Protein chains: 4
Amino acid sequence: MIIILKHGATEDDIASVEEKLQEHGYQPNVTRGVEDVIVAAIGTPSLSEKEMVAPQLQALEAVEKVLFVSKSYKLVSRESHPADTSFKVGVANGAANGAGVEIGGAKICVMAGPCSVEGREQLMTTAKAVNQAGATVLRGGAYKPRTSPYDFQGMGLEGLQLLAEARAATGMPVITEVMTPGLVEQVCEHADVLQIGARNMQNYDLLREVGRCRTPVMLKRGLSATVEEWLKAAEYILAGGNNNVMFCERGIRTYEPSTRFTLDLSAVPAIKKASHLPIIIDPSQGTGRRDMVAAMSKAAVACGADGLIIEVHPHPEALSDGQQTLDTTQFAQLMRDLKPIAQAVGRTL
Amino acid sequence: MIIILKHGATEDDIASVEEKLQEHGYQPNVTRGVEDVIVAAIGTPSLSEKEMVAPQLQALEAVEKVLFVSKSYKLVSRESHPADTSFKVGVANGAANGAGVEIGGAKICVMAGPCSVEGREQLMTTAKAVNQAGATVLRGGAYKPRTSPYDFQGMGLEGLQLLAEARAATGMPVITEVMTPGLVEQVCEHADVLQIGARNMQNYDLLREVGRCRTPVMLKRGLSATVEEWLKAAEYILAGGNNNVMFCERGIRTYEPSTRFTLDLSAVPAIKKASHLPIIIDPSQGTGRRDMVAAMSKAAVACGADGLIIEVHPHPEALSDGQQTLDTTQFAQLMRDLKPIAQAVGRTL
Amino acid sequence: MIIILKHGATEDDIASVEEKLQEHGYQPNVTRGVEDVIVAAIGTPSLSEKEMVAPQLQALEAVEKVLFVSKSYKLVSRESHPADTSFKVGVANGAANGAGVEIGGAKICVMAGPCSVEGREQLMTTAKAVNQAGATVLRGGAYKPRTSPYDFQGMGLEGLQLLAEARAATGMPVITEVMTPGLVEQVCEHADVLQIGARNMQNYDLLREVGRCRTPVMLKRGLSATVEEWLKAAEYILAGGNNNVMFCERGIRTYEPSTRFTLDLSAVPAIKKASHLPIIIDPSQGTGRRDMVAAMSKAAVACGADGLIIEVHPHPEALSDGQQTLDTTQFAQLMRDLKPIAQAVGRTL
Amino acid sequence: MIIILKHGATEDDIASVEEKLQEHGYQPNVTRGVEDVIVAAIGTPSLSEKEMVAPQLQALEAVEKVLFVSKSYKLVSRESHPADTSFKVGVANGAANGAGVEIGGAKICVMAGPCSVEGREQLMTTAKAVNQAGATVLRGGAYKPRTSPYDFQGMGLEGLQLLAEARAATGMPVITEVMTPGLVEQVCEHADVLQIGARNMQNYDLLREVGRCRTPVMLKRGLSATVEEWLKAAEYILAGGNNNVMFCERGIRTYEPSTRFTLDLSAVPAIKKASHLPIIIDPSQGTGRRDMVAAMSKAAVACGADGLIIEVHPHPEALSDGQQTLDTTQFAQLMRDLKPIAQAVGRTL
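Computed from a prediction, not measured in an experiment: that's the story for all the values here. Throughout, a residue's number is its position along its own chain's written sequence, starting from 1. In the order they appear in the text, chains get letters beginning with A and ligands get numbers beginning with 1. Restriction of local features to residues with pLDDT of at least 70 applies here, the model being predicted, together with a cutoff of 80 or more for giving and counting side-chain atom pairs; totals for whole chains, interfaces and linings are based on all residues. Each side-chain value is worked out from all heavy atoms of the structure, with water and hydrogens disregarded.

All right, on to the interface of chain A and chain D then. Should any heavy atoms of two residues lie within 4.5 Å, those residues are counted as being in contact. Between chain A and chain D, the residue contacts involve 33 residues of the former and 32 residues of the latter. Buried area adds together the accessible area that both of two parts lose upon being put together, with accessible area traced by a 1.4 Å probe. The contact between chain A and chain D buries some 2800 Å² in all, and 50% of this surface belongs to carbon and sulfur atoms. Of all residues in chain A, the largest losses of buried area upon contact with chain D belong to A:Thr147, A:Tyr150 and A:Arg253, amounting jointly to 24% of the total for that side. Close ionic contact of A:Arg253 with D:Glu229 constitutes a salt bridge, the shortest N to O distance being 2.7 Å. Identification of polar contacts relies on pairs of N or O atoms within 3.5 Å, with a donor-acceptor requirement for protein atoms, meaning one able to donate a hydrogen and the other able to accept it, and with residues adjacent in sequence counted only if both atoms are side-chain atoms. Counting the contacts that link chain A with chain D gives 19 residue pairs in polar contact (both at pLDDT 80 or more). Counting residues per element, the side of chain A that touches chain D draws most heavily on helix H7 (residues 227-239) of chain A, which supplies six residues. Considered class by class, the residues forming the side of chain A that touches chain D number 13 nonpolar, eleven polar and nine charged. Counted as salt bridges are all cases of a side-chain nitrogen of Lys or Arg within 4 Å of a carboxyl oxygen of Asp or Glu. Think of it this way: any DSSP run of H or I at least four residues long counts as a helix, any run of E at least two long counts as a strand, and we number them from the N terminus. Nonpolar residues are Ala, Val, Leu, Ile, Met, Phe, Trp, Tyr, Cys and Pro. Charged residues are Asp, Glu, Lys and Arg, and all others, Gly as well, are polar.

Structure, rendered in structure tokens:
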């Protein structure tokens, strides 16, 4: 059940709606938009919603209307929040001179950086290069999910500290992956956006934990997750009270062997129709091929994506898994090529 | 084995290469490009190529170099023909005032029209509307592949005649599907481009038959065909001597239920890298959703596709399977929206 | 619409039903079972079935009941024919001393032989070995579908003649693939079962053509065909009047690379529930791995398959694609291992 | 690196190998088999294995041979441990009168019970019924992974306590899912086997945590995990020192809509070839259809599975997602039907 308040609803009005909901066993979740205040009622109490609670809510002065959302994602759905959502990342940590970087606005957000943080020099060199080329968020893995226990598992805390250092040096907010509930607090201390990786899209305890904090979250699509499962996974985070969630399409698993995954760009209009939240495209992971990153980045911008996340490294040829990584020159060229496409769809880069 | 001739090679030079190949049991296939003449040697004679034939060919005055192509697609590969291929459709039938329409050139080719030809009025109305909006090729099914034997199987010959009539009225060349070897001749008589449907991508006798004629062919990707299988299927057509082949990505089968198929746009850079032939995108079939056709069309143009094929109908809401069909107003809007994107990637529409 | 006649219905009764249907624009298709006579009405005439035709049919003395089948497969469905269908193959060509071999009966039918017919000696050696080990149908490809035009395309007519010779020598009926409508007649002359390959499952003109002849057909599942599409493809054959159709599951295309395809054994209960027709399993193609053929054959028999089709060759190690082929000793061992499993599910081998 | 010790190697011999490995920066993992002692060396120290460490190990009296395993799963691989592994579950908690239940032995282990623990009566009724029918392990979910945050998430600790109560009443060891590292200790206190669900197959922190405890683990295959990724995920657990791991195939995600997942039975021979660990089949989740559970259970036993895990409930028709659940009568019938198949493959039930 979604309760939309009238324009000009006061905090007292909101409180009275919350009270009424709690009285009937619901947990209220308030979203204060630029124009509207929306209250989502979470939970399924024993009394029938339509028969008992809805009329009482409707009777409140400040309530514009009461919607019944049958889908199992409510807060995430565009029905509950018709306008596009945008939010800033990095404000708390003083990124971009304290202004932060907007996700979901007119300016397309390009996140770039190395797959893994390997050391200070590698990270700083990359951060400065991508920043100069126009990237506004720095990506870098400190904790890495690896299919084999014998592979390098990331620099951990030291990697997080280097990312914070790179933010200080460039002004770019940083995004990094968090893999387990026990590390959410530590990662929140250093990062501006928490990335939930594809393998953890349905790690529900992790979703609940990032739902409890207030750091923005990028939720990657599971390797074989349907769009609906992905929306429901995001609902776990919003239901916890963290509304700053963006989706990230990173390729799905299909039978095709010429690419590492199949980048499903139709997820962009699918998410845009179903939800108000922003969507980012990962053409590096999504194809696994350096020679496809540019083409797929252009396609992503053209079809309405709100951002890109791209692997960049000073020397990708030296990496064991660098076949999907751009060097800094290739990245700078891509940024120049993307500009006219962004303009063609009424956005900036 | 691919033999590249020197600039300025004469017809006599070509003939001597052909002769030498035939002498050793190969079938020569000559491609006369704007700059180069290339001869592909088809067949695997008993003598070892490298040891016997290649030096004899290399010894010929006009031969620039001899390439050994290990892949099982040779004529289709970019190795054998490094420059992009473009060709005209409709010239023979006087389309576009005899000038025909170029596929694979700087101008992106938009093919539009109804899924099935239903009658004269429906076809003419649609043809005129899409022509006015900027489409340059008319699509329409006369013979329709249907999963059920009890569904409408298309108007057949009468549908072909209506298509030819629509070409006469609008100047647009027509593309239509041919499903079986026995009808290739009939369809060639009326149509300007033969479409091989996804279900027939590996119908090898049909591929051989369209390889024998000289009407251009659009080869749709099979529902679960790999890029490599698709290239090899095209090789069947080129090996028959018909070099005017374009690919068409129309969505692959995956687990995702929110779209009818998953449109694999990474097929565009994949085909562009592997082959010199043009590639067209079908966003209607590829998504099965009208509300995604515009976004996916924009993405296709941005990532380098040479054309689009789009289902348009005056009254899509009246069709049993019209959920992926644009009406003529939506199509005209899409054409306007695509123009700046085409320009942003250095092309026209 | 399915019309079930009363027990003891005469040929005159059947004729009167047929007449009534034709009068209303339907094409009648009569199935004479051991116990029942069933008439399927094919076509969708303009008059509403329920309102006009059904009462008239119901009024006929010999009509037991009239069923409305909403699915687009009627003749294939178990609704239209509740009992299991079985039929004999090879009777016309005198196989098994004129008795033929039953498909869909209590005895599980094992079809074995080489992937391709390569020559007389190879075929005869294999045929005798598999016959001695207990196989009752001989498989062998004369016309081969190949992804590359440069691969061996089969011995063609000569291969068919060798198969007929092997039948004469061993008494085993032969099954071989037919790939195009123009060759159906030729293949029917030599073979006892026509195989429609996976790539041709939706080659509708081919399906119609084999529907017109009376040679039994094995319809392989398309590489990414749903069970429902497969049933509808079979309906094309039955709608043509050829009721002797068996399905063959041969692996579907998935993301898993350790097997060539993923053998979907749940297709056995799925087909058994939806249809009355027999189903055969191809563990050779379905896994692409010799070391899995035995395990998957056992599983197939245990879950209710009516037969197996297995690639056997005297020297599989000498074949370019022999990695899924058993040698004759391995095949004989498998036949011994299958016997107790067949018994455990109440069948023989 | 895998070090195989000579027959009769003493604890002192083992200690000297361990010492040598630790000296060179490896972590030793000792497996004491019935016949052999095997030491796996985990870690990649800076010195080249072959040049430095291997000769020193080989020089030790008790070392039979030193193997270099190139795969990124070592402990899990059959190369490192050629004989089948079997182990007992429930011994610590006194199940089966203290004898425990063997997994991977000649007797096929059937685990049965409700999807979720709903209450004492439901669990006790089911436990007693499946026990009487021949099941030897009780399954039941206390913590449930749900795609929607608004669905019932399981009884949690209370559910675990009820499972322990049911074990006391029936003697059956219990298996239940653990979803997050923080709950491993609690679940270990009550359960005999820890289930890692499909969505958590690559939740590496959870895998490491269950690797640290000594309770046996059932590792379900991820929805789109390859066999190789699954083996590597198991390696995380064994690398932590917990060797009692069994795999569970529960259906993979494909395009086919008639089943909820596609049960990949070829995983049985694939796992048996690659690994020494047992494999269990889940026909309930794997098909999502009650009417397929029996057929797929028979197939699983026939192709070599070591066990089955089956959803059983006294009143499946009352459940919201009961379409894949057998009632107790159906389960008892299935157990009778499986017996002769187990015998046919040389096992008992």
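What follows picks up the thread again.
Quick look at the packing of helix H10 (residues 290-302) of chain A against helix H10 (residues 290-302) of chain B now. Helix axes are fitted only over the stretch in contact, all axes being lines through C-alpha atoms; the angle between N-to-C directions runs from 0 to 180 degrees. Remark: H10(A) packs on H10(B), axes separated minimally by 7 Å, with the N-to-C direction vectors making an angle of 150°. Overall, the two elements H10(A) and H10(B) adopt an arrangement that is roughly antiparallel. Of the two elements, H10(A) crosses H10(B), and the hand of that crossing is right-handed. Note on element contacts: H10(B) touches H10(A) through B:Lys298, B:Ala299 and B:Ala302, opposite A:Lys298, A:Ala299 and A:Ala302. Roughly parallel means an angle under 35 degrees; roughly antiparallel means over 145; roughly perpendicular covers 65 to 115; every other angle is labelled oblique. Whether a crossing is left-handed or right-handed is set by the direction in which the near helix is turned from the far one by less than a right angle, anticlockwise for left-handed and clockwise for right-handed.

Before going further, it helps to spend a moment on unusual backbone geometry. Residues and elements named next belong to chain A. Residues other than glycine seldom take positive phi values, yet Asn97 does so here, at roughly 55°. The residue Asn97 is located in the loop between strand S5 (87-89) and strand S6 (101-103) in this model. Remark: exposure states derive from per-residue accessible area (1.4 Å probe, protein chains only) relative to the maximum for the residue type, with buried under 20%, exposed over 50%, and partly exposed in between. The exposed category is assigned to Asn97, whose relative accessible area is 83%.

All copies are superposed by least squares; the fitting set is the C-alpha atoms of residues with a pLDDT of at least 70 in both. After a rotation of 180° and a shift along the axis of 0.0 Å, chain A superposes on chain D with an RMSD of 0.1 Å. Taken together, the rotation angle and the small translation identify this as a two-fold axis. Identified as the residue of chain A closest to the rotation axis by C-alpha distance is A:Ser224, at 3.0 Å.

All we've got here are geometric facts, nothing functional implied.
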